[in-house]
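What follows is the residue order along each chain.
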Amino acid sequence: MAAEQGGVAIKKKAAARSWILFDSRGDDTILDVDKYAIMQRVEIHARDLRILDPLLSYPSTILGRERAIVLNLEHIKAIITAEEVLLRDPTEETVVPVVEELRRRLPLSAAQNDADAPEEHESPFEFRALEVALEAICSFLDARTTELETAAYPALDELTSKISSRNLDRVRKLKSAMTRLTGRVQKVRDELEQLLDDDDDMADLYLSRKMATSPVSGSGAPNWLPASPTIASKISRASRASAATIHGNENDVEELEMLLEAYFMQIDGTLNKLTTLREYIDDTEDYINIQLDNHRNQLIQLELFLSSGTVCISLYSLVAGIFGMNIPYTWNNDHSWVYKWVVSVSGLISILVFIVIITYARHKGLVGS
């Protein structure tokens, strides 16, 4: 299939297939082969291919092998060689943009395809393919982070203004989504950091350099796909492009280090956004807890007032109960003024007892002033 064919055609043809192959000329081909043929062509072990199995859960990984780079970054699962890129599940919604970007950026210009043209500043094919994958995954995670921020901050502000079950459940779901996304971003960042900390691992990713410094074997590729006619010229160009490095220091990884450092900074910025969001969520939770504690204290104060009032009313009821007994009193007859004094005095005593209880509670700091 030629590079100028649209993504819709690829999706229709790849409906029942799982791999798409890009070569250095920009051509792409849908592959209908088993894993053994792929292992034979790119010369990797079954354990490496297992990392790309979507049914298995493997952390983000960038592995350098003798003739290939095994790439597992979230939904991007690919095998990169010095001449080809094999991308898994090209019809997936999240993978289609990567397919389009590979189709756009992998082809060499006419001057670059010319074997006699100067190639000192040409980036190796495997690095261009790796850059597309890193850019895609960093942009994808950053977009998911932006979406989460857009939904989270208004939800948190709404929760601070009104604490309700609906708002609490909404924030809980957003916090769970943030935790999962943070873990995904952290895995990609850790893999890039691990690569940057090990020059030997980065040197393993220089596939063109390995081709330029090792004899070419003629018994490698199986016959399920024609060999690229540009292999010889590519080796020649890689030899010229990295001549200074080869004759100087074979472990020079400055070019790849700069590439990885750029995307490490980008993914680190995404992680910082999530960290800021987590801190905002934690601050909101602290504020909500303070509000709930304040409401709880108010309820305790109300309970104290009600309990004090109940005690005072009980005293008043005690007096009423005593005088309500069927006991003969000598002053019960012709002494109507006694009723008024009993009611008044017992009421005043109950009010004084209530005031004493509240004053004591405020003195001890049990209720607010």
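The structure displayed is predicted, hence computed values, not measured ones.

**Some details on the pattern of salt bridges**
Think of it this way: side chains of opposite charge can pair up when their charged atoms draw near. Throughout the structure, instances matching the rule amount to 22 salt bridges. For R172, the salt bridge is made with D169, and the minimal N-O distance between the two is 2.7 Å. Here D169 and R172 lie together in helix α7 (residues 165–196), a separation of 3 residues that amounts to about one turn. Take R172: its relative accessible area is 47%, and that puts it in the partly exposed class. Residues joined by salt bridges that share partners form a network here, namely E101, R104, R105, E131 and E135.

**Digging into the packing of aromatic side chains**
All chains considered together, the criterion is met by 2 aromatic pairs. Pairing F127 with Y206 gives two aromatic rings, centres 4.7 Å apart and planes at 80 degrees, and the pair type is edge-to-face. Residue F127 is located in helix α6 (residues 125–161), and its partner Y206 is located in the loop between α8 (199–203) and α9 (207–213); the two are separated by 79 residues in the primary sequence. There is no split in this pair, since F127 and Y206 are both buried. Each ring, one from Y153 and one from Y280, has its centre 5.0 Å from the other, and the planes form 70 degrees; the classification is edge-to-face. Taken together, the residues Y153 in helix α6 and Y280 in helix α12 (residues 254–323) connect sequence positions 127 residues apart. By relative accessible area, which is 31% here, Y280 ends up partly exposed. Its guanidinium or amino end placed over the ring of F140, R144 lies 4.6 Å from that ring's centre, counting from NZ or CZ.

**Side note on a negative patch on the surface**
On the surface, E66, D199, D200, D204, E254, E255, E257 and E261 cluster together into a patch of negative charge. Elements represented by at least two residues in the negative patch include exactly α8 and α12. In terms of residue count, the dominant contributor to the negative patch is α12 (4 residues). By the element assignment, E254 lies in helix α12.

**What about empty space enclosed by the protein?**
If you walk through the whole model with that rule in mind, you get 1 cavity of 30 Å³ or more. If you add up the space inside the largest cavity, you get close to 50 Å³. L71, I76, A78, I80, V85, L87, V98, L102, A129 and A133 together form the lining of the largest cavity. Elements supplying a minimum of two residues to the lining of the largest cavity: β5 (76–80), β6 (84–88), α4 (96–105) and α6. Counting residues per element, the lining of the largest cavity draws most heavily on β5, which supplies 3 residues. Classifying every residue of the lining of the largest cavity by side-chain character gives 10 nonpolar, no polar and no charged.

**A short note on the nonpolar core**
Counting residues in hydrophobic clusters, the biggest one holds 61 residues, and the most contacted among them are I62, L71, L87 and L256. Examining the composition of this core, we find that 16 residues originate from one element, α6, more than from any other. When residues no more than four places from it in sequence are discounted, the contact partners of L71 are L52, T61, I62, I76, K77, A78, I80, L130 and A133. Of all hydrophobic cores here, the second largest spans 13 residues; its members include L21, L31, L52 and A68.

**Some points on the pairing of strand β4 (residues 69–73)**
Counting buried residues along β4, 5 of its 5 residues qualify, which places the element largely inside the surrounding structure. Neither face of β4 is open: one carries I69, L71 and L73, the other V70 and N72, and all of them are buried. Two elements, strand β3 (residues 61–64) and β4, share 4 bridges in a ladder whose sense is antiparallel. When the bridges of β4 are listed, I62 appears paired with L71. Linking β3 back to β4 in an antiparallel pair, the connection comprises 4 residues. Note that β4 and β5 share 5 bridges and pair antiparallel. Residue pairing in the sheet places V70 in a bridge with I79 of β5.

Reading the values: the criteria
Residues numbered from 1 in each chain as written. Predicted model: local features only at pLDDT ≥ 70, side-chain atom pairs only at ≥ 80, totals over all residues. Heavy atoms only, no water. Salt bridge = Lys/Arg side-chain N within 4 Å of Asp/Glu carboxyl O. Helix = DSSP H or I, 4+ residues; strand = E, 2+ residues; numbered from the N terminus. Buried < 20%, exposed > 50% of the residue type's maximum accessible area, 1.4 Å probe, protein only. Phe/Tyr/Trp six-rings, centres within 6.5 Å; stacked < 30°, edge-to-face > 60°. Lys NZ or Arg CZ within 6 Å of the ring centre and 35° of its normal. Patch = residues over 30% accessible without salt bridge, like charges linked within 9 Å, V, L, I, M, F, W, Y side chains within 5 Å. Areas by Shrake-Rupley, 256 points an atom, 1.4 Å probe, with all protein chains shown as cover. Lys, Arg positive; Asp, Glu negative; His and termini not counted. Charge placed at Lys NZ, Arg CZ, Asp CG, Glu CD. 1 Å grid on protein atoms, 1.4 Å probe; cavity = no way out; pocket = protein on both sides within 12 Å on 5 of 7 lines; lining within 4 Å. Points joined across faces, edges and corners; volume = space filled by probe spheres on them. Nonpolar A, V, L, I, M, F, W, Y, C, P; charged D, E, K, R; others polar. Core = buried A, V, L, I, M, F, W, Y, C linked by side-chain atoms within 4.5 Å. Contact = heavy atoms within 4.5 Å. Pairing = 2+ DSSP bridges.

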